[in-house]
Amino acid sequence: MSERIIILDFGSQTTQLIARRLRELNVYCEIFPYNKFPEYYDDIRGVIFSGSPYSVYDDNAFKLDVSNIRKKFPILGICYGAQSIAHIYGGKVEAAGTREYGRANLSTFDNSNALFKNVRVNSQVWMSHGDTITKIPDNFEIIASTKEVTIAAYQVKNEKIWGVQFHPEVFHSEDGIKILENFIDICGCKRDWTPSSFIETTIAELKQKLGNDEVVLGLSGGVDSSVTAVLLNKAIGKNLTCIFVDNGLLRKNEFENVLANYKYLGLNVIGVDAKNKFYTALAGVSNPEQKRKIIGKNFIDVFDDEAAKLNNVKWLAQGTIYPDIIESLSITGTTIKSHHNVGGLPDYMKLKLVEPLRLLFKDEVRRVGRELGMSENLINRHPFPGPGLGIRILGEITPEKVRILQDADDIYINLLRECDLYDKVWQACTILLPVRSVGVMGDERTYENTIALRAVTSTDAMTADWAKLPYDFLAKVSNEIINKVKGVNRVVYDISSKPPATIEWE
């Protein structure tokens, strides 16, 4: 990378959004825990301190030593980050009389200050904090206020250190992007990080890293592993072998369709039918985390058997992306759920990992795929979990339950496409519930299964809202599933957002 901005994460739910905004402005950035500043980089141009759920005066608050950063790089503190800087320098941070949350307007600000260049008078910003800076040190100056918050923004005199008590990264801050652009300009970034530059740099790095070594890649049919495969194919060609495992938990006709797609891309792909192995291992298992681990272990076993048939394979490629890493390894040590791509490999595989997409968000992966000339059909596919339908069948997995869910899912996804709704949602899926209910079909009483429909809107899967699909569309899906899928007599729609729910049910 020719330049980068470092974001130090204090645990804010919008830290990833800051990174996304900078990437959208063609500036490469990385997120690090607040206490893990990467001293080994020589191309850092600036540093951003994120928000946090803590108060700076809490005993368990994240403390920061800025002595190794101050005067080396421009710094922007956001919310807690701003309060932390003020607190460190001797200012005063106190609990606000009322929680300052929601829209506010910059009633006064210094538009001659580099951070507020071209920001409009009364520009709306988004506040989200229970504390406020009530006193700044003598060498600080206030550069913006709102009606309720006197110290909405400040700069340390004669230093390139700024703090804002609002969130410029969120949509509701009208000139937030402009403020971030101004900080980028202060940092002297050229803003030349694009999909084409990423591809060029990554292919060069892969060639150097892998040399003439052989690489094996586990394909899933999704956009992440597909883009990984095409990148590697451009870098090492025939030294890449892709393995696509049918674990019996794929979508209807997925195995055949995916193999056809990859043949079109010119990839060397081995297809493995391992349905019975997975069904046997999962028999009688209902716990979702246990199912994930069984599916993961058996995938590794099948994959290892196939890889052992190849000569001189030294690397395993994976389509790991940034949200996988963020959710699996948070700064507080909390794991939301196990990701099949994160956590390393069993010792017996003896393969080194190569993950060319590990620092990209999903929308960036799609942009890279388009730049590589991949078809929209592959690029725009909804995310599909590594454990597949195994975590969309609540409770024990059986071949009959898989058949029911595959048929229902096929109807739902095809109708989304037919009604021009597929590309308007981030992810859609069907869930087979461990619930049977009474119904009537013709003159007969039925006692059959319930299918839940799920569709969400999102940009990176870190947060998601349920999609407001038209009622007549949902009625049509329900009618088609109940009439055509043997074993289903009831369809419901999930209207939960993330958080508090997750996108998948298990």
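**Considerations on the pattern of salt bridges**
Line of reasoning, step 1. Taken as a whole and assessed by the stated rule, the structure comprises 32 salt bridges.
Line of reasoning, step 2. Between Asp175 and Arg120 there is a salt bridge, with its nearest N and O atoms 2.9 Å apart. Taken as a pair, Asp175 in the loop between strand 9 (161-164) and helix 3 (176-187) and Arg120 in the loop between strand 5 (92-109) and strand 6 (124-135) lie far apart in primary sequence, 55 residues in all.
Line of reasoning, step 3. Asp175 sits in the buried class, given a relative accessible area of 10%.
Line of reasoning, step 4. The exposure class assigned to Arg120 is partly exposed, which follows from its relative accessible area of 47%.
Line of reasoning, step 5. Among the salt bridges present, the one from Glu181 reaches Lys178, with a minimum N-O distance of 3.5 Å. Of this pair, Glu181 and Lys178 are both found in helix 3, three residues apart, which corresponds to roughly one turn of the helix.
Line of reasoning, step 6. Given the relative accessible area of 17%, Glu181 is considered buried.

**A look at the nonpolar core**
Line of reasoning, step 1. If you look at the biggest cluster of nonpolar residues, it comprises 48 residues, and the most contacted ones within it are Tyr412, Leu416, Leu469, Phe473 and Ile481.
Line of reasoning, step 2. By residue number, the principal contributor to this core is helix 12 (residues 399-418), which donates nine residues.
Line of reasoning, step 3. Residues in contact with Leu469, not counting those within four places in the same chain, are Tyr412, Leu416, Leu421, Val425, Ala455, Leu474 and Tyr493.

**Things to note about the pairing of strand 8 (residues 153-156)**
Line of reasoning, step 1. Residues Ala153 and Gln155 line one face of strand 8 and the alternating positions Tyr154 and Val156 line the opposite face, and both faces are buried.
Line of reasoning, step 2. Both strand 7 (residues 140-146) and strand 8 contribute to a ladder of four bridges, which runs antiparallel. Bridging from a neighbouring strand, Ile142 pairs with Tyr154 of strand 8.
Line of reasoning, step 3. Pairing geometry for strand 8 and strand 9, over three bridges, is antiparallel. Along strand 9, the bridge assignment pairs Tyr154 with Gly163.
Line of reasoning, step 4. Connecting strand 8 to the antiparallel partner strand 9 that follows it, the hairpin turn spans four residues, and Asn158 within it adopts a positive phi of roughly 60°.

**Observations regarding the environment of Leu259**
Line of reasoning, step 1. Along the polypeptide, Leu259 turns up in helix 6 (residues 254-264).
Line of reasoning, step 2. Sequence-wise, Leu259 and Ile270 are eleven residues apart; in three dimensions their C-alpha atoms are separated by 8.6 Å.

**Overview of helix 6**
In an α-helix there are 3.6 residues to a turn, and that puts residues three or four apart on one side.
Line of reasoning, step 1. For helix 6, the complete set of buried residues consists of Glu254, Phe255, Val258 and Tyr262. Down the axis of helix 6, the buried side of the element spans an arc of 95°, and every buried residue falls inside it. Relative to its buried face, helix 6 has exposed residues pointing more than 90 degrees away, namely Lys263 and Tyr264.
Line of reasoning, step 2. As for helix 6, its buried residues are in contact with strand 10 (214-219), helix 5 (223-236), strand 11 (240-246) and strand 12 (269-273).

**Structural notes on the packing of helix 7 (residues 275-282) against helix 8 (residues 288-308)**
Line of reasoning, step 1. Where helix 7 contacts helix 8, the axes come no closer than 10 Å and their chain directions differ by 145°. Helix 8 is crossed by helix 7, and the crossing has right-handed handedness. Residues Lys277, Phe278, Ala281 and Leu282 of helix 7 touch helix 8, and the partners they reach there are Lys291, Ile294, Ile295, Asn298, Phe299, Asp301 and Val302.
Line of reasoning, step 2. Here the contact of helix 7 with helix 8 is composed, by residue class, of seven nonpolar, one polar and three charged.

**Concerning unusual backbone geometry**
Line of reasoning, step 1. With omega at -15°, the peptide bond leading from Lys498 into Pro499 counts as cis.
Line of reasoning, step 2. By the element assignment, Pro499 lies in the segment after strand 18 (488-493).
Line of reasoning, step 3. A cis amide bond links Pro499 to the next residue, Pro500, at an omega of 10°.
Line of reasoning, step 4. Here Pro500 lies in the segment after strand 18.
Line of reasoning, step 5. Of note, Asn253 is a non-glycine position whose phi angle comes to about 65°, a positive value.

**Some points on the pairing of strand 10**
Line of reasoning, step 1. Sheet topology note: the strand 10/strand 13 (residues 313-317) ladder contains four bridges and is parallel. Looking at strand 13, one finds that Glu214 is bridged to Val313.
Line of reasoning, step 2. As paired strands, strand 10 and strand 11 are joined by five bridges and run parallel to one another. Bridge pairing links Leu217 to Cys242 in strand 11.
Line of reasoning, step 3. The parallel pair strand 10 and strand 11, bridged by helix 5, forms a crossover whose chirality is right-handed.

**Describing the sheet that holds strand 14 (residues 352-354)**
Line of reasoning, step 1. The strand order 12-11-10-13-14 describes an open sheet built from five strands, whose pairing is parallel. Looking at which strands have only one partner, the edges of the open sheet turn out to be strand 12 and strand 14. Pairwise comparison of adjacent strand axes, ignoring direction, gives a mean angle of 30° for this sheet.
Line of reasoning, step 2. Packing against the sheet, helix 6 makes contact with strand 10, strand 11 and strand 12, and its axis sits at approximately 170° to strand 12.

**Here's the deal with the packing of aromatic side chains**
Line of reasoning, step 1. Scanning all chains against the criterion turns up 16 aromatic pairs.
Line of reasoning, step 2. Centroid distance Phe37 to Phe73: 5.8 Å. Interplanar angle 40°. Geometry classified as tilted. Taken as a pair, Phe37 in the loop between strand 2 (29-33) and strand 3 (44-49) and Phe73 in the loop between strand 3 and strand 4 (75-78) lie far apart in primary sequence, 36 residues in all.
Line of reasoning, step 3. Every member of this aromatic cluster is reached through a ring pair, and the members are Phe10, Tyr34, Phe49, Tyr54, Phe62 and Tyr80.
Line of reasoning, step 4. Positioned above the aromatic ring of Phe361, the side-chain terminus of Arg20 is 5.8 Å from the ring centre.
Line of reasoning, step 5. The ring centre of Tyr422 lies 3.9 Å from the NZ or CZ of Arg417, which sits over that ring.

**What about the environment of Glu169?**
Line of reasoning, step 1. By the element assignment, Glu169 lies in the loop between strand 9 and helix 3.
Line of reasoning, step 2. In this structure the C-alpha to C-alpha distance between Glu169 and Asp110, which are 59 residues apart in sequence, comes to 20 Å.
Line of reasoning, step 3. At 2.7 Å, the side chain of Glu169 and the side chain of His167 are in polar contact.

So, how was this worked out
Once a new chain begins, its residue numbering starts again from 1 and follows that chain's sequence as written. Given that the model is predicted, a residue must reach a pLDDT of at least 70 before its local features are reported, and side-chain atom pairs must reach 80 or more before they are shown or counted; all residues, however, enter totals for whole chains, interfaces and linings. By convention in this description, side-chain values take in all heavy atoms of the structure and omit both hydrogens and water. Take a side-chain nitrogen of Lys or Arg and a carboxyl oxygen of Asp or Glu: if they are within 4 Å of each other, that pair is a salt bridge. Helix numbers and strand numbers start at the N terminus; a helix is a DSSP run of H or I with at least 4 residues, a strand a run of E with at least 2. Residue exposure (1.4 Å probe, protein chains only): buried if accessible area is under 20% of the type maximum, exposed if over 50%, otherwise partly exposed. Each nonpolar core is a collection of buried residues, namely Ala, Val, Leu, Ile, Met, Phe, Trp, Tyr and Cys, held together in the definition by side-chain atoms within 4.5 Å. Here, two residues are considered to be in contact whenever any of their heavy atoms come within 4.5 Å of each other. Pairing between strands is defined by DSSP: at least two bridges between the two strands are required. This arc is built from the directions going out from the helix axis to the C-beta atoms. The axes are straight lines fitted to the C-alpha atoms, using for helices just the contacting stretch, and the angles between their N-to-C directions are given from 0 to 180°. Here is the rule for handedness: rotate from the far helix to the near one, and if that takes an anticlockwise turn smaller than a right angle the crossing is left-handed, while a clockwise turn gives right-handed. Classification convention: Asp, Glu, Lys, Arg as charged; Ala, Val, Leu, Ile, Met, Phe, Trp, Tyr, Cys, Pro as nonpolar; all other residues, Gly among them, as polar. Place the viewer so that the strands point away; then a crossover is right-handed whenever the path from the first strand over the helix to the second strand goes clockwise. Ring geometry is summarised as follows: Phe, Tyr and Trp rings, the Trp one being its six-membered ring, pair when their centres sit within 6.5 Å, and such pairs are stacked at plane angles under 30 degrees, edge-to-face over 60 and tilted between the two. Comment: the charge-over-ring label is applied if NZ (Lys) or CZ (Arg) is within 6 Å of the ring centre and within 35 degrees of the ring normal. Any pair of N or O atoms that falls within 3.5 Å is considered a polar contact. Within protein, one atom must be able to donate a hydrogen and the other to accept it, and sequence-neighbouring residues count only if both atoms are side-chain atoms.

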